[in-house]
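Now for the letters of each chain:
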Amino acid sequence: MAGQQARQAEQTIHVAGEWRAALSGATREVLDPADATPFAVVAEGDERDADAAVQAARRAFDEGPWPHTPVAERAALLHRVADLLVRDREELGLLESRDAGKTVEEGRVDIDCVADAFRYFANLVAGEGAGRVVDAGSPDIHSVVVHEPVGVCTLITPWNYPLLQASWKIAPALAAGNTFVVKPSEITPMTTIALIDLLVEAGLPDGVANIVTGPGHSVGARLAEHPGVDLVSFTGGLLSGTKVAQAAAAGVKKIALELGGKNPNVVFADACATEEGFDTAVDQALNAAFIHSGQVCSAGARLIVEESVRDRFVAELARRAERIKLGRGTEKGVECGPLVSEQQRAKTEAYVASALAEGAVLRCGGKRPEPSEIRPATGWFYEPTVLDHCHREMKVVREEVFGPVLTVETFRTEDEAVALANDTEYGLAGAVWTADAGRARRVAGRLRHGTVWINDFHPYLPQAEWGGFGKSGIGRELGPAGLAEYRETKHVYQNLAPKPVRWFAG
C-alpha cells in the first residue's frame, strides 16, 4: 500500500515509531483460510514486546504532545486517516478478504465503515465546546466539567472483523487524546498492521500508536494486567473476556468488553402476509445468519418464527441456503467464504453434531462441501446449515457457534416470542419482523438487547452506541458513549472571590 514503510516481512511490531521484529526472533505464518496455505509472516511477540510497547505509549502520553494537541488538530489527523483509507480501499479490502476469508465485497464495505468511524469521531470531538458549565448558585463561582484522556489504552481486537473492530477502538482513543497499544488477533493481523502505517503517514507522533503481534496468552494477558495501562478494551469471546476483566481488575483499570451474542430474529406471521413481505423476511433471515459465514457477533443465529408460517418459511429458507455459492472470497460470484481456521470449522461441526443428537432436524447443510463442489478444495469451508425443531435446552441454541448455523424455534403468542428472544445469557442484538407498528414498538421495547432492529437486520450507525446487556459485555462502542469510554471526567471549581470560611476559631 502507498503508506507502507519499507521493512522486512517479520517486522510487524511497531514501538515508539519504529517497526521491528519480535525480541525473541519468533515468527508466525498467517494462513489464507480459502486454501490453508501461508500468505504472510509476522512477528510472534511475547511479554517483553508488550512491556516495551506500553513503556513507549506511557512516555508518549506523559511527555509527548498528543494529549495536549488542540482538538481541531486531532480531528484533522483523523480525517486524513479516513482519506488514506479511501485511497487504499481496494488493496485493504483485498487484504481483509485474504486475511479473514470473507468476500472481497464485504472487505470493501468494511473499509468504508472504518473510514466512516474515523470521520464520525473527528467530527464529534471537533464540534464539542470547552466543557459543561455548572451553575453553582453564585456569580463568584465558576464551575465547569471537562473531559480528559484516560491515558494508555490496551486495545485487543478479534479475528472476524479485524480492521473494523480496531477502528471502533483506535478512532475514539485518538480523538480523546490517548496513546495505545493494539494487539490484533494472531489469526488475522494484516489490516491492523496496515492501519498503523496509515496513522504514521497521517502524521501521528511517535509512540502514540503501538502494535504488538502475538498470542493472547502472552501478549494479550500482559497488556491487560500491565501496571502502566489505564484502560483495557477487549472484543472477543466470553471466556477470554472474563480473563481480561480479572487481569485488569487487579489494577482497577477502566474496562470495556464486547463479548458476543446469541441473537434472536423474531418473525411474526403478519410480516409474511404478502409475497413481497415473505420474500424480504426470508432474504433477511439468510443475511442475518450467513453473512461472513456466520462469524459475526450480532449474527441472527436464532430464527424464532410464528408457528402458522413456520413450515413454508423454513422450507424456502433451506432452499435458498442450499444455493449459496461458497468459494474463495476474491472470486467473482462467490457469496460466502470459508471459516477462518480449521479449529473454527471443527467447533462448528461439533455444535451441529450435538444438535442432531439432541433431536434437531437438519434441513440443509450440516457438512463440508464435496471437494468437487468447491474451489479451492483445501479451504476451511462448511455448508450453510439450517437446524429445525430446536429448543432452548440445546447447546447449539444456548451457546455462540460463530459459524454458518441457523437454529429454528417457533412461538404462538407475542408473549411467548418475547420470552424466547430474551431467554439467553447474552443480550447484544435482536430483530422483530411484523407489519403491525404497535406490536413492533412493544416487542422492541421488551427485548433485552443492546441493538434492536425492526424489519431489518445488521445495519449499524457510527453515531449510535453498540454493545449489549448481560454477558454480551460492559460499556459501549461508537456514538457519544463510545468516546466517553476513553475519557476521564473532571470537575473544575473556581472561587473568584475567595475569603476566610472561619469554620475553626483560632
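Residues numbered from 1 in each chain as written. Predicted model: local features only at pLDDT ≥ 70, side-chain atom pairs only at ≥ 80, totals over all residues. Heavy atoms only, no water.

Novice: What's the story with a nonpolar patch on the surface in this structure? I'm lost.
Specialist: A cluster of nonpolar side chains, contributed by Val501, Trp503 and Phe504, occupies part of the molecular surface with about 490 Å² of accessible area. Mapped onto the elements of the fold, phenylalanine 504 is located in the segment after strand 20 (487-495). We classify phenylalanine 504 as exposed; its relative accessible area is 71%. (Patch = residues over 30% accessible without salt bridge, like charges linked within 9 Å, V, L, I, M, F, W, Y side chains within 5 Å. Areas by Shrake-Rupley, 256 points an atom, 1.4 Å probe, with all protein chains shown as cover. Salt bridge = Lys/Arg side-chain N within 4 Å of Asp/Glu carboxyl O. Helix = DSSP H or I, 4+ residues; strand = E, 2+ residues; numbered from the N terminus. Buried < 20%, exposed > 50% of the residue type's maximum accessible area, 1.4 Å probe, protein only.)

Novice: Please explain the packing of helix 3 (residues 89-100) against helix 4 (residues 104-126) as it appears in this structure.
Specialist: The packing of two helices is summarised by the inter-axis angle and the distance between the axes. Contact pair helix 3 / helix 4: the axes reach a minimum separation of 7 Å and the direction vectors enclose 125°. One element, helix 3, and the other, helix 4, form an angle in the oblique class. Here the hand of the crossing between helix 3 and helix 4 comes out right-handed. Contact residues: helix 3 offers Arg89, Glu90, Leu92, Gly93, Leu94, Glu96 and Ser97, while helix 4 offers Val104, Gly107, Arg108, Asp110, Ile111 and Asp112. Split into classes, the residues belonging to the contact of helix 3 with helix 4 amount to 4 nonpolar, 3 polar and 6 charged. (Axes fitted to C-alpha atoms, helices over the stretch in contact; angles between N-to-C directions. Parallel < 35°, antiparallel > 145°, perpendicular 65-115°, else oblique. Left-handed = near helix turned anticlockwise from the far one by under 90°. Contact = heavy atoms within 4.5 Å. Nonpolar A, V, L, I, M, F, W, Y, C, P; charged D, E, K, R; others polar.)

Novice: When you look at the nonpolar core in this model, what are you seeing that I'm missing?
Specialist: Generally speaking, a soluble globular protein has its nonpolar side chains buried in company with each other. The biggest cluster of nonpolar side chains holds 99 residues, and the ones touching the most others in it are Leu85, Phe118, Ile170, Leu174, Phe180, Leu199 and Phe313. Considering each element in turn, this core owes the most residues, 10 residues, to helix 4. Ranked by size, the runner-up nonpolar core spans 25 residues in total, among them Ala43, Ala57, Leu223 and Ala245. (Core = buried A, V, L, I, M, F, W, Y, C linked by side-chain atoms within 4.5 Å.)

Novice: Help me understand the sheet that holds strand 20, please; the structure alone is not making it clear to me.
Specialist: By definition, the strands of a sheet pair up through backbone hydrogen bonds, in either a parallel or an antiparallel sense. If you walk across this open sheet you meet the 3 strands as 5-6-20, and the pairing is antiparallel. Strands at the two margins of the open sheet, each flanked by one partner only, are strand 5 (132-134) and strand 20. Across this sheet, the average inter-strand angle for adjacent strands is 25°, counted without regard to direction. Pairing of strand 5 with strand 6 (residues 141-149), which is carried by 3 bridges, proceeds in the antiparallel orientation. Counted as the bridge partner of valine 133 is valine 144 from strand 6. (Pairing = 2+ DSSP bridges.)

Novice: So what exactly am I meant to see when it comes to the sheet that holds strand 16 (residues 405-411) here?
Specialist: With mixed pairing, 7 strands are arranged side by side in an open sheet as 14-15-16-13-12-17-18. Every interior strand has two partners, whereas the edge strands, strand 14 (361-364) and strand 18 (451-454), have only one. Across this sheet, the average inter-strand angle for adjacent strands is 20°, counted without regard to direction. By the bridge criterion, 3 bridges tie strand 15 (residues 385-388) to strand 16 in an arrangement that is parallel. Pairing of valine 386 across the sheet is with leucine 406, part of strand 16. With respect to the sheet, helix 10 (residues 307-322) is in contact with strand 12 (264-267), strand 13 (302-306), strand 14, strand 15 and strand 16, its orientation differing from that of strand 13 by roughly 140°.

Novice: Even after reading the chapter, I still don't get helix 3, so can you show me in this structure?
Specialist: Each turn of an α-helix holds 3.6 residues, which means side chains three or four residues apart point in the same direction. The terminal C-alpha atoms of helix 3, which comprises 12 residues, lie 16 Å apart, in line with the 16 Å expected from a rise of 1.5 Å per residue. Restricting attention to buried positions, one finds in helix 3 the residues Leu92, Gly93, Leu95, Glu96, Ser97, Asp99 and Ala100. Next to the buried residues of helix 3 lie strand 3 (27-32), strand 4 (37-43), helix 2 (71-87), helix 4, helix 5 (162-175) and helix 6 (190-202). One or two residues past the end of helix 3 sits glycine 101, with phi positive at roughly 90°. (Expected span 1.5 Å × (residues − 1).)

Novice: What should I look at first to understand the pairing of strand 7 (residues 152-156) in this one?
Specialist: For a regular strand, the rule is simple: side chains alternate between the two faces of the sheet. In terms of burial, strand 7 is a largely internal element, 5 of the 5 residues being buried. Residues Val152, Thr154 and Ile156 line one face of strand 7 and the alternating positions Cys153 and Leu155 line the opposite face, and both faces are buried. Relative to strand 8 (residues 179-183), strand 7 runs parallel, the two being bridged by 5 bridges. The residue of strand 8 that forms the bridge with valine 152 is threonine 179. Crossover handedness for the path strand 7 to helix 5 to strand 8: right-handed. Pairing between strand 7 and strand 10 (residues 231-235): 4 bridges, direction parallel. Across the sheet, residue threonine 154 finds its bridge partner in strand 10, namely valine 232. (Right-handed = clockwise from strand over helix to strand, strands pointing away.)

Novice: It is not clear to me how the environment of threonine 407 should be interpreted in this structure. Could you clarify?
Specialist: Within the element layout of this structure, threonine 407 appears in strand 16. In this structure, the C-alpha to C-alpha distance between threonine 407 and glutamate 488, residues 81 residues apart in sequence, is 43 Å. Residues in contact with threonine 407, not counting those within four places in the same chain, are Ala301, Arg302, Leu303, Leu387, Cys390, Val396 and Val397.

Novice: Explanation requested: the state of the cysteines in the structure shown.
Specialist: When the sulfur atoms of two cysteines share a covalent bond, that bond is a disulfide. Under the definition given, this model contains 0 disulfides. Not part of a disulfide, cysteine 113 finds its nearest cysteine sulfur in cysteine 297, a span of 13 Å. Of the residues examined, cysteine 297 reaches a relative accessible area of 10% and is grouped as buried. (Disulfide = S-S within 2.5 Å.)

Novice: Help me understand empty space enclosed by the protein, please; the structure alone is not making it clear to me.
Specialist: Rolled over the atoms, a probe with the dimensions of a water molecule shows which regions are left empty. Tallying each qualifying case throughout the model produces 4 cavities of 30 Å³ or more. Reported here for the largest cavity is a volume of approximately 80 Å³. In this structure, the largest cavity is lined by 14 residues; those nearest its centre are Gly294, Ala299, Ala301, Val401 and Phe402. Residue classes in the lining of the largest cavity are distributed as 8 nonpolar, 4 polar and 2 charged. (1 Å grid on protein atoms, 1.4 Å probe; cavity = no way out; pocket = protein on both sides within 12 Å on 5 of 7 lines; lining within 4 Å. Points joined across faces, edges and corners; volume = space filled by probe spheres on them.)

Novice: I'm lost on the layout of surface pockets in this one. Help?
Specialist: Taken as a whole, the largest pocket spans an internal volume of roughly 1300 Å³. Residue lining of the largest pocket: 43 residues in total, with Trp159, Phe234, Gly236, Gly237 and Ser240 positioned closest to the centre. Of all the secondary-structure elements, those providing two or more residues to the lining of the largest pocket are strand 3, helix 7 (216-225), strand 10, helix 8 (238-249) and helix 11 (342-357). The dominant element in the lining of the largest pocket, judged by the number of residues it contributes, is helix 8, at 6 residues. Of the residues contributing to the lining of the largest pocket, the split by class is 19 nonpolar, 15 polar and 9 charged.

Fair warning: the whole summary comes from geometry, so function is off the table for now.
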